[in-house]
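Given next are the chains, with one letter for each unit.
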Amino acid sequence: MKFFRHLCILLVLVLVCVAAGTLLPRPIFGDKSDVADNAPHKVLILSNPIHTDIALPVDAELFSRFAFLRDGNLEIDFPGVRYLVFGWGGRAFYTQTPTWADLKPLPLFKGVTLDQSVMHVALAGEIPLVDAGVTTLNLSETDYQKLLAFILGSFAQPQGKPVPLLGQSYGRDDAFFEGVGYFNALLGCNTWTAAALRHAGLRTGWWTPLPPLLTTSLRLHNDMPNP
């Protein structure tokens, strides 16, 4: 009975933390951000059950700012490319687990404890905006530039230039680079996405370790158009 009581208390605490992390805005003070339909830059948040990415529509400026991606053997100038998709995560788990079938004990252990981070970049064609896993955000020029700066700042540059992890991609259309910071399950890929969006002037929940918590908090704390 004592074990069951402690387990119930633990579950309640977890639920309280999850609810508070979603419902409490970060930053706490301030009005809701206005994600206007007529803002010049449309960016996408791509969600699956455990991970979020940020997709940026390609243009001449984006190709110029991220020209170093060619060092990772990414053909960013390929005519079919419509988006560059960015994600942050733990090096062992992210690079060695392209699908759940590839899950191994050591990368999983590092992912739930502490691991060096990597940036993952993928090339994408047209992305249907009506898909359930797609959240559309419209940013002003100023906020878009802040988002680009945050993403660029997440690439480690020990010699003044991002470092590709050659030979560790999932295929021809993606690449990994050394990242800034350390990863664990509590402060992982989705909290990185939330931090990037806050840097771009949006408000998120205080702690959003899972994609549904992040996307729910975005709609709670920002004036967004209905999906």
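Because the structure is predicted, anything quoted here is derived from the model rather than measured.

Looking at the nonpolar core
- In this structure, Leu56, Phe66, Phe86 and Ile151 are the most contacted members of the largest nonpolar core, which totals 37 residues.
- Of all the elements, helix α5 (residues 141-153) adds the most residues to this core, at 5 residues.
- Not counting residues within four places of it along the chain, the set of residues in contact with leucine 56 comprises Val43, Leu62, Arg82, Tyr83, Leu84, Phe86, Tyr144, Leu147, Leu148 and Ile151.
- By size, the runner-up hydrophobic cluster in this structure holds 9 residues, among which are Leu46, Ala55, Val85 and Ala124.

Comments concerning the packing of helix α6 (residues 189-199) against helix α7 (residues 211-221)
- One can describe the packing of α6 onto α7 by two numbers: an axis separation of 9 Å at closest approach and a directional angle of 20 degrees. When the axis of α6 is compared with that of α7, the two are roughly parallel. When you trace α6 past α7, the crossing you get is right-handed. Contacts between α6 and α7 involve Asn190, Thr193, Ala194 and Leu197 on the former and, on the latter, Pro211, Leu214 and Leu218.
- Along the lines of polarity and charge, the residues of the contact of α6 with α7 split into 5 nonpolar, 2 polar and no charged.

Focus on the confidence of the model for the chain
- A residue-level look at the chain finds 85% of positions with pLDDT of 70 or above and a mean pLDDT of 87.
- Mean pLDDT per element in the chain: strand β2 (residues 33-34) is the minimum at 56, and strand β4 (residues 52-57) is the maximum at 98.

A closer look at the sheet that holds strand β7 (residues 134-139)
- What the 6 strands build is an open sheet, ordered β7-β3-β4-β5-β6-β8; its pairing is antiparallel. The outermost strands of the open sheet, each flanked by one partner alone, are β7 and β8 (174-183). Strand-to-strand twist across the sheet, computed as the mean angle between neighbouring axes with direction ignored, equals 25 degrees.
- Judged from the 8 bridges that link them, strand β5 (residues 83-90) and strand β6 (residues 115-124) form a sheet pairing that is antiparallel. Following the sheet pairing, leucine 84 is matched in β6 by leucine 123.

Observations concerning the packing of α5 against α6
- Axis separation between α5 and α6 bottoms out at 8 Å; the angle between their running directions is 140 degrees. Between α5 and α6 the crossing geometry is right-handed. Note on element contacts: α6 touches α5 through Trp192, Ala195, Ala196 and His199, opposite Lys146, Leu147, Phe150 and Ile151.

Regarding unusual backbone geometry
- Phi angles above zero are rare outside glycine, and asparagine 73 is one such case at about 65 degrees.
- By secondary structure assignment, the location of asparagine 73 is in the loop between α2 (60-65) and β5.

Some thoughts on the pairing of β6
- Most of β6 sits out of view: 9 of its 10 residues are buried.
- Relative to β8, β6 runs antiparallel, the two being bridged by 7 bridges. Opposite alanine 122, over in β8, you have aspartate 174 as the bridge partner.

Notes on the pattern of salt bridges
- Following the criterion strictly, the structure yields 6 salt bridges and no others.
- In this structure, lysine 161 and aspartate 71 form a salt bridge, with 3.0 Å as the shortest nitrogen-oxygen distance. Of this pair, lysine 161 sits in the loop between α5 and β8 while aspartate 71 sits in the loop between α2 and β5, and the two are 90 residues apart along the sequence.
- You can call lysine 161 partly exposed: its relative accessible area is 45%.
- Residue aspartate 71 is classed as partly exposed on the basis of its relative accessible area of 33%.
- Arginine 172 serves as the salt-bridge partner of glutamate 75, at 3.7 Å between the closest nitrogen and oxygen. With glutamate 75 in the loop between α2 and β5 and arginine 172 in the loop between α5 and β8, this pair connects stretches of sequence that are 97 residues apart.
- Glutamate 75 gets classed as partly exposed once you look at its relative accessible area, which sits at 47%.

Rules and cut-offs
- Residues numbered from 1 in each chain as written.
- Predicted model: local features only at pLDDT ≥ 70, side-chain atom pairs only at ≥ 80, totals over all residues.
- Heavy atoms only, no water.
- Core = buried A, V, L, I, M, F, W, Y, C linked by side-chain atoms within 4.5 Å.
- Buried < 20%, exposed > 50% of the residue type's maximum accessible area, 1.4 Å probe, protein only.
- Helix = DSSP H or I, 4+ residues; strand = E, 2+ residues; numbered from the N terminus.
- Contact = heavy atoms within 4.5 Å.
- Axes fitted to C-alpha atoms, helices over the stretch in contact; angles between N-to-C directions.
- Parallel < 35°, antiparallel > 145°, perpendicular 65-115°, else oblique.
- Left-handed = near helix turned anticlockwise from the far one by under 90°.
- Nonpolar A, V, L, I, M, F, W, Y, C, P; charged D, E, K, R; others polar.
- pLDDT = per-residue confidence, 0-100.
- Pairing = 2+ DSSP bridges.
- Salt bridge = Lys/Arg side-chain N within 4 Å of Asp/Glu carboxyl O.

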